[in-house]
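# Examining the three-dimensional arrangement
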Amino acid sequence: GAVVSQHPSWVICKSGTSVKIECRSLDFQATTMFWYRQFPKQSLMLMATSNEGSKATYEQGVEKDKFLINHASLTLSTLTVTSAHPEDSSFYICSARDIGGGNQPQHFGDGTRLSIL
Amino acid sequence: DQQVKQNSPSLSVQEGRISILNCDYTNSMFDYFLWYKKYPAEGPTFLISISSIKDKNEDGRFTVFLNKSAKHLSLHIVPSQPGDSAVYFCAASASILTGGGNKLTFGTGTQLKVEL
């Protein structure tokens, strides 16, 4: 089945550090990948849509300069949390949809737990 | 504005019985609906989906029912097994043709516990 790998799974770092999270589709190609954030006991909130070869589309209220997205190939998207602060601590999850398009489900990575001290 | 709602935060069912998880939505542009299962510290795993042109889709122990007039869908798991214990998320999307871009909007999840 479709596999999405997300790395790292857990990051603890000091305030002011920038953190890069990678999302890879291992057995399919994805022109579109999605980045979500989940707070404890809440739903997954879409942050941005990552488009291969073009700029990401950010949801309302998400700072594009804070959360940098790069989708350089059909199998890799990265999210960089720049100058992270404690309020950025959260569970970040990526998903990817097969290039086949249409009504195909998004497949999710296992998430990255980010803790900013 | 919560466009996808799962009003039951938790559900407890005995092993072998049917589990019924419910989901309501408000956006009439949604035309594709999915159920995901999630364990702690893991990403959601796709379970089953349904297009708005259908009212039922079945895959093994899992069946999803869609009632468009009521803007309601449900996931039936039968028979329920202890390994089904997890958080279940309902999600909905609107196709590119309707301006939705296939982005998923998630409900808040229902914690299912299947007891022996």
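Located above this text is the structure these notes cover.
Definitions and limits used
- Residues numbered from 1 in each chain as written.
- Chains lettered and ligands numbered in written order.
- Predicted model: local features only at pLDDT ≥ 70, side-chain atom pairs only at ≥ 80, totals over all residues.
- Heavy atoms only, no water.
- Contact = heavy atoms within 4.5 Å.
- Buried area = accessible area lost by both parts, 1.4 Å probe.
- Salt bridge = Lys/Arg side-chain N within 4 Å of Asp/Glu carboxyl O.
- Buried < 20%, exposed > 50% of the residue type's maximum accessible area, 1.4 Å probe, protein only.
- Helix = DSSP H or I, 4+ residues; strand = E, 2+ residues; numbered from the N terminus.
- Pairing = 2+ DSSP bridges.
- Axes fitted to C-alpha atoms, helices over the stretch in contact; angles between N-to-C directions.
- Core = buried A, V, L, I, M, F, W, Y, C linked by side-chain atoms within 4.5 Å.
- Phe/Tyr/Trp six-rings, centres within 6.5 Å; stacked < 30°, edge-to-face > 60°.

So, about the interface of chain B and chain A. Note: interface size is frequently given as the accessible area lost on complex formation between the parts. Taken together, the contact pairs 17 residues of chain B with 22 residues of chain A. Between chain B and chain A the total buried area reaches about 1500 Å² when both faces are included, carbon and sulfur atoms providing 57% of it. Area buried by chain B at its contact with chain A is led by Tyr32(B), Lys103(B) and Phe106(B), which between them contribute 30% of it. At the boundary of chain B with chain A, the tally comes to one salt bridge.

Residue and element names in this part refer to chain B. Of all the six residues making up strand 8 (residues 72-77), five are buried; the element is thus mostly covered by neighbouring parts of the structure. Bridge count for strand 7 (residues 62-67) against strand 8 is six bridges, and the pairing is antiparallel. Across the sheet, Val 64 pairs through a bridge with Leu 75, a residue of strand 8. Linking strand 7 back to strand 8 in an antiparallel pair, the connection comprises four residues, with Lys 71 at a positive phi of about 50°.

A separate point is the sheet that holds strand 7 (residues 67-73) of chain A. All names here are of chain A. Sheet architecture is open: four strands sit in the order 1-3-8-7, paired in antiparallel fashion. The sheet is open, and its two edges are formed by strand 1 (4-7) and strand 7, each paired on a single side. Across the sheet, the mean angle from the axis of one strand to that of its neighbour is 15°, orientation sign disregarded.

Once that is clear, we can look at the nonpolar core. Core analysis: the largest hydrophobic core is formed by 24 residues, its most contacted members being Phe33(B), Trp35(B), Leu73(B), Leu75(B) and Tyr88(B). Among the elements of the structure, strand 3 (19-25), strand 4 (32-38), strand 5 (45-51), strand 7, strand 8, strand 9 (86-93) and strand 11 (110-115) of chain B are those that each provide at least two residues to this core. The element contributing the most residues to this core is strand 9 of chain B, with four residues. With sequence-adjacent residues up to four places away left out, Leu75(B) is seen in contact with Ser19(B), Ile20(B), Leu21(B), Trp35(B), Leu47(B), Ile48(B), Phe62(B), Thr63(B) and Tyr88(B). Listed in part, the 23 residues of the second largest apolar core include Val11(A), Val19(A), Met33(A) and Ala48(A).

With that settled, consider the packing of aromatic side chains. Residues and elements named next belong to chain B. Applying the stated rule across the entire model yields ten aromatic pairs over all chains. Summarising the aromatic geometry, the rings of Tyr 25 and Phe 33 are spaced 4.7 Å apart at their centres and angled 40° between planes, so their arrangement reads as tilted. Residue classification places Tyr 25 among the buried residues on the basis of a relative accessible area of 7%. What makes Phe 33 buried here is its relative accessible area of 1%. Considering the side-chain rings of Tyr 36 and Phe 106, the 5.8 Å spacing of their centres and the 45° angle between planes classify their relative orientation as tilted. Separated by 70 residues along the polypeptide, Tyr 36 in strand 4 and Phe 106 in strand 10 (residues 105-106) bring together distant segments of the chain. A single burial state applies to Tyr 36 and to Phe 106, both of which are buried.

None of this, on its own, says anything about what the molecule does.
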